[in-house]
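Chain and residue survey
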Amino acid sequence: MRWKCKSSKGRWLYVLLMLIVLPVVVAQKIGDPYKILGINQRATLPEIRKAYRQLAKEWHPDKNENPNAEARFVEIKQAYELLSDTERRQAYDLYGITNEDDHMYKQRHDYSQYARFSNDPFEFFSTHFRAQDQDITLFHKLSVTTRHFENNILEKSVHTPALVLFYTDWCFDCVRSAASWRKLVDSLQPLGVTLATIHAGHEASLARRIGVHSVPCLTLILDKQIYIYKDGLNSLPKILEFMRWKFPYKLVRGINDGNVDSFVTDFEDNKVKALIFEERQTIRLRYLITAFHYRDRLSFAFVDISARDTANVTSRYKVQRSMDTMVLLKEDSIEPAATVSTTEIQTQTMRQLIEANQMLTLPRLSSQNILDTVCPVEWRAARRVLCCVLVVRDERDVRSNAHSIQQLRDLARRAPDRIRYTYVYEHAQPDFVNALANGSGIDLSSLDHRIVVIWRRESTRIQYEWLKESWPSCGRCQGEEGVSYQDKMNRTQRALDEMLKRLLRPSEVVAYEARIQELVDESSPCGARLVMARVSEWIERAMSALRSHHALSALSILATVALVLAAGYFMAYLIRVEEESVQREKEERRRQNGGKRNNNEAQPEMRLHELRAEKYNGLVRLQKPGCRTIVLLVDSQSRVQLLSKFHRIVWPYRKNKTLVFAYLCVERNVEWFRRVLQLSLGGGGELRVNRRNCVGTVLALNPHRKYFCIYHAKHPECVKPHKRMSRMAASLGGRAPDPEAGAFIGFTTDPDSSDDDCYDPPLLLQENLLDGLENWLDRLFEGSTHRYYVNYWPDMTTK
């Protein structure tokens, strides 16, 4: 519908109305579109249209008097628009992306229909929205330097994934990607992803180090690893799928009724358990990012409420099917430590809940990070924090004495803020335990089930005291006469309480002091275990990919590659068999001839063509691009000697298909040589060439690009090319007083040159003219010889 206002006041009133109403329409949320339309997730497009028509007729505001009919009608329309769009439906099915949780698909109103009015206020809004899609100011706002990238983004990627876009100012593809990047920022920043841009021109060294070959280039930084996204920025589902694939494998474990007990009761990893309940097959990206952020403290699992084999675990934690729920479990696997349930759990809400419950009730000192959290450093005596550490042998000792450990856990649950409880494995942290034993003179064999109270004044220096009574264990109490287990436990707890009250006094001095090293990270695998884990991970990833809907295309590509390789190998095998057969026949004929080579057998040869008028077009003018003609200038006296030596020098290049070797008789064609030299100077005076001085000159002609390189034993390029080449050009240009006597190849020197640059050319014999040709050919093929350009190749006349 097109709205027309007769007066300018009416138009501005409509603008004000749109500014007020538009945010309300955009902010409206969409629920489950399948439930709204009452269809199955596997419904086809005709079924979706049929359901939409029926519901639209039923809930149309003009036909339904229900006060909620208008809102219901809008909800039905939005659900139909989402499911009828293939890309949006795929995004919702895979990642749960809807209009309310991802701004990627929020549509703006099209004001282009009002652009025809010259004084219409909507012309401003139409131009503004169109310009906003190609505005790269957001690139500059999010731009960071190399130092910030290395010190912040790369270092924090251990817990916070980052997307970094490389761009330049004058890049049309970057301008076209500006709108997609803006939507990507609006979508992923609220989920806890760092998004930044880097100017590839200003930070060229970083772009080269990462491997950015073109812009715009999107990179994912995850756990200090950099991954380059090679597709376009227009499809958000592809980017999300790329990110999901790069996250650690099995970061979130799938849970059903069969394996829930093994997950919620196994706290040997020293992590809080987090269960995510959703009515979908795959976990949302927002929960996956949160699981990556807290992977050192929490172990995440995902429960698909819609699956048949998750009914018991869903009812066990009283989860509603229409709500997303997160349950945090500590040592008590039955009663959750914290629960949040809503239509969509915001990232900030999840992080606040996890921050308050990120440690177990009785954690184990399994890494330096846990030690810093449980036993923080406090140098002030009035605010000292005391940590009660129980020393046990290993995990089997903990399982066999579960009741005594539970008693210590109860104390930790009731402890005040300045008193913490924890335990440590003696075999896993030997340096830490030995430091405490050596500083106090206690025998290592008597440390089992002993409690030490420590106060960390510095990060590496602690003060501590040992509790005289050992913490009771069921096995030890059975052997003591007249003392029950409960009496022993009560007596030990009273002694511990008295000791803690005494040590909390600011004036109290702690008995012992020791320096400790950094704790060993028990969760980090060793080299062999890490390799095996990586191998098993890739095998499981491959098997999972084969079970997906992309398996057929992947198998077809692999089969095609295998077929091409097999065909290539088969052809190479046939060629090798044929060559061996020919070689055997030659050897057989040679043995029959008594070891002598057959005269009719093809001999390797290299032809030297004579450059004359009849062959001029074939050797020069009609040469293919990339080919060169190497020409030796001889006369009748030096022909035999120089051609023999020239043939021996160029013999190693006989198999090069781009080279043609020839010779030129200066008696008949010296005029052509003079014209070539004169054309390379761009005009100038007339050259007088001495034919005898031209003998031994070698020209490397590039007919297609119209230039040549020249070799002569006295050419200035062989002496000091950076100074004498300019003098040669000056001589060729006619500034020399006498261009004769070989001045065109630098036989003369500039009278204005300094004494150290002048030299008397040595006398050369005819057999020494080609002594430096081998080195010159090497420089020629390296491209370091000087090039003389001509506008055209002169004619070669026949005399």
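Residues numbered from 1 in each chain as written. Predicted model: local features only at pLDDT ≥ 70, side-chain atom pairs only at ≥ 80, totals over all residues. Heavy atoms only, no water.

Going by what an unreviewed UniProt entry lists, the chain is known as DnaJ homolog subfamily C member 16 and is assigned to Danaus plexippus plexippus. Taken from UniProt, the Subcellular location (unreviewed entry) comment for the chain reads in full: "Endoplasmic reticulum membrane". (UniProt positions renumbered as here; feature names shortened; annotations may be inferred.)

Turning to the overall build of the chain, a few remarks are in order. Check the secondary structure of the chain and you find 30 helices and 20 strands. Of all 799 residues assigned to the chain, the portion counted as buried reaches 44%. The long-range fraction of contacts in the chain, counting pairs at least 24 apart against all pairs at least 6 apart in sequence, stands at 74%. (Helix = DSSP H or I, 4+ residues; strand = E, 2+ residues; numbered from the N terminus. Buried < 20%, exposed > 50% of the residue type's maximum accessible area, 1.4 Å probe, protein only. Contact = heavy atoms within 4.5 Å.)

Okay, unusual backbone geometry next. A cis amide bond links valine 215 to the next residue, proline 216, at an omega of -5°. Along the chain, the position of proline 216 falls in the loop between helix H11 (204-210) and strand E3 (217-222). Residues other than glycine seldom take positive phi values, yet lysine 250 does so here, at roughly 55°. Here lysine 250 falls in the exposed class, since its relative accessible area comes to 57%. The residue lysine 706 is not glycine, and still its phi comes out positive at about 60°. Note on placement: lysine 706 falls in the loop between strand E18 (698-702) and strand E19 (707-711).

On the surface, Glu578, Glu579, Glu580 and Glu585 cluster together into a patch of negative charge. Counting through the fold element by element, glutamate 579 comes out in helix H24 (residues 551-592). (Patch = residues over 30% accessible without salt bridge, like charges linked within 9 Å, V, L, I, M, F, W, Y side chains within 5 Å. Areas by Shrake-Rupley, 256 points an atom, 1.4 Å probe, with all protein chains shown as cover. Salt bridge = Lys/Arg side-chain N within 4 Å of Asp/Glu carboxyl O. Lys, Arg positive; Asp, Glu negative; His and termini not counted. Charge placed at Lys NZ, Arg CZ, Asp CG, Glu CD.)

Here the focus is the state of the cysteines. Evaluated as defined, the whole model comprises 1 disulfide. The side chain of cysteine 375 participates in a disulfide bridge whose partner is cysteine 387; the two sulfur atoms lie 2.3 Å from each other. Placement of the pair is cysteine 375 in the loop between helix H17 (368-374) and strand E10 (386-392) and cysteine 387 in strand E10, with a sequence separation of 12 residues. Accessibility assignment for this pair places cysteine 375 and cysteine 387 in one class, buried. (Disulfide = S-S within 2.5 Å.)

Turning next to helix H14 (residues 285-293). Taking burial as the measure, the 9 residues of H14 include 8 buried ones, the bulk of the element. Inspection of H14 places Leu285, Arg286, Tyr287, Leu288, Ile289, Thr290, Ala291 and Phe292 among the buried residues, and these make up the whole buried set.

The next subject is the packing of helix H19 (residues 402-414) against helix H22 (residues 485-503). Where H19 contacts H22, the two axes come as close as 12 Å, and the packing angle between them is 35°. Where H19 crosses over H22, the two elements pack in a sense that is right-handed. Here H19 contributes His403, Ser404, Gln407 and Leu411 to the contact with H22, which in turn contributes Tyr485, Met489, Gln493 and Leu496. Within the contact of H19 with H22, the residues separate by chemical class into 4 nonpolar, 4 polar and no charged. (Axes fitted to C-alpha atoms, helices over the stretch in contact; angles between N-to-C directions. Left-handed = near helix turned anticlockwise from the far one by under 90°. Nonpolar A, V, L, I, M, F, W, Y, C, P; charged D, E, K, R; others polar.)

On to the side chain of arginine 364. Relative to the helices and strands, arginine 364 resides in the loop between helix H16 (347-356) and H17. By relative accessible area, which is 3% here, arginine 364 ends up buried. Those residues within four positions of arginine 364 in sequence are excluded, and the remaining contacts are Glu268, Asn270, Ile370, Thr422, Tyr423, Val424, Tyr425 and Glu522.

Below, the discussion takes up the pattern of salt bridges. On inspection of all chains with the given rule, the structure shows 35 salt bridges. Between aspartate 394 and arginine 396 there is a salt bridge, with its nearest N and O atoms 3.3 Å apart. We classify aspartate 394 as buried; its relative accessible area is 16%. What makes arginine 396 exposed here is its relative accessible area of 56%. Among the salt bridges present, the one from arginine 502 reaches glutamate 465, with a minimum N-O distance of 2.8 Å. Placement of the pair is arginine 502 in helix H22 and glutamate 465 in strand E13 (residues 461-466), with a sequence separation of 37 residues. Judged by relative accessible area, glutamate 465 falls into the buried class, the value being 9%. Salt bridges sharing partners connect three or more residues here, namely Glu278, Arg280, Arg284, Arg286, Asp324 and Glu344.

A few words now on the packing of aromatic side chains. Counted under the stated rule, the structure contains 14 aromatic pairs. An angle of 25° between the planes, with centres 5.4 Å apart, marks the rings of phenylalanine 708 and tyrosine 788 as stacked. Note that phenylalanine 708 is positioned in strand E19 and tyrosine 788 in strand E20 (residues 788-789), a separation of 80 residues in sequence. In terms of burial, phenylalanine 708 and tyrosine 788 fall into one category: buried. (Phe/Tyr/Trp six-rings, centres within 6.5 Å; stacked < 30°, edge-to-face > 60°.)

What follows covers the packing of helix H10 (residues 178-188) against helix H12 (residues 236-246). In helix packing, the relevant descriptors are the interaxial angle and the interaxial distance, both defined with respect to the helix axes. In contact at an axis separation of 11 Å, H10 and H12 are set at 50° when each is read in the N-to-C sense. The orientation of H10 relative to H12 falls into the category oblique. For the pair H10 and H12, the crossing hand works out as right-handed. Facing Leu184, Ser187 and Leu188 of H10, the residues of H12 in contact are Leu236, Ile239, Leu240 and Met243. Classifying every residue of the contact of H10 with H12 by side-chain character gives 6 nonpolar, 1 polar and no charged. (Parallel < 35°, antiparallel > 145°, perpendicular 65-115°, else oblique.)

Here we take up the sheet that holds E20. In a beta sheet, neighbouring strands are held together by backbone hydrogen bonds and run either parallel or antiparallel to one another. Spatially, E15-E17-E16-E18-E19-E20 is the arrangement adopted by the 6 strands of the open sheet, whose pairing is mixed. Strands at the two margins of the open sheet, each flanked by one partner only, are strand E15 (609-610) and E20. Pairing analysis gives 5 bridges linking E18 to E19, with the strands arranged antiparallel. Within the sheet, the bridge partner assigned to valine 698 lies in E19 and is tyrosine 711. Across the sheet, helix H26 (residues 639-650) touches strand E16 (628-634), strand E17 (659-665) and E18, and the angle it forms with E16 is around 150°. This element, helix H27 (residues 666-680), spans E15, E16, E17, E18, E19 and E20 of the sheet and lies at about 115° to E17. (Pairing = 2+ DSSP bridges.)

The next point concerns the pairing of E13. With respect to burial, E13 is a largely interior element, 6 of its 6 residues being buried. The two faces of E13 match: Arg461, Gln463 and Glu465 on one face and Ile462, Tyr464 and Trp466 on the other face are all buried. Count of turn residues in the strand E12 (residues 450-456)/E13 antiparallel hairpin: 4 residues. Note: E13 against strand E14 (residues 512-515), 4 bridges, orientation antiparallel. Directly across from arginine 461, in E14, lies its bridge partner arginine 515.

The grouping of Arg49, Arg53, Lys57 and Lys63 at the surface amounts to a positive patch. Structurally, arginine 49 can be placed in helix H3 (residues 45-58).

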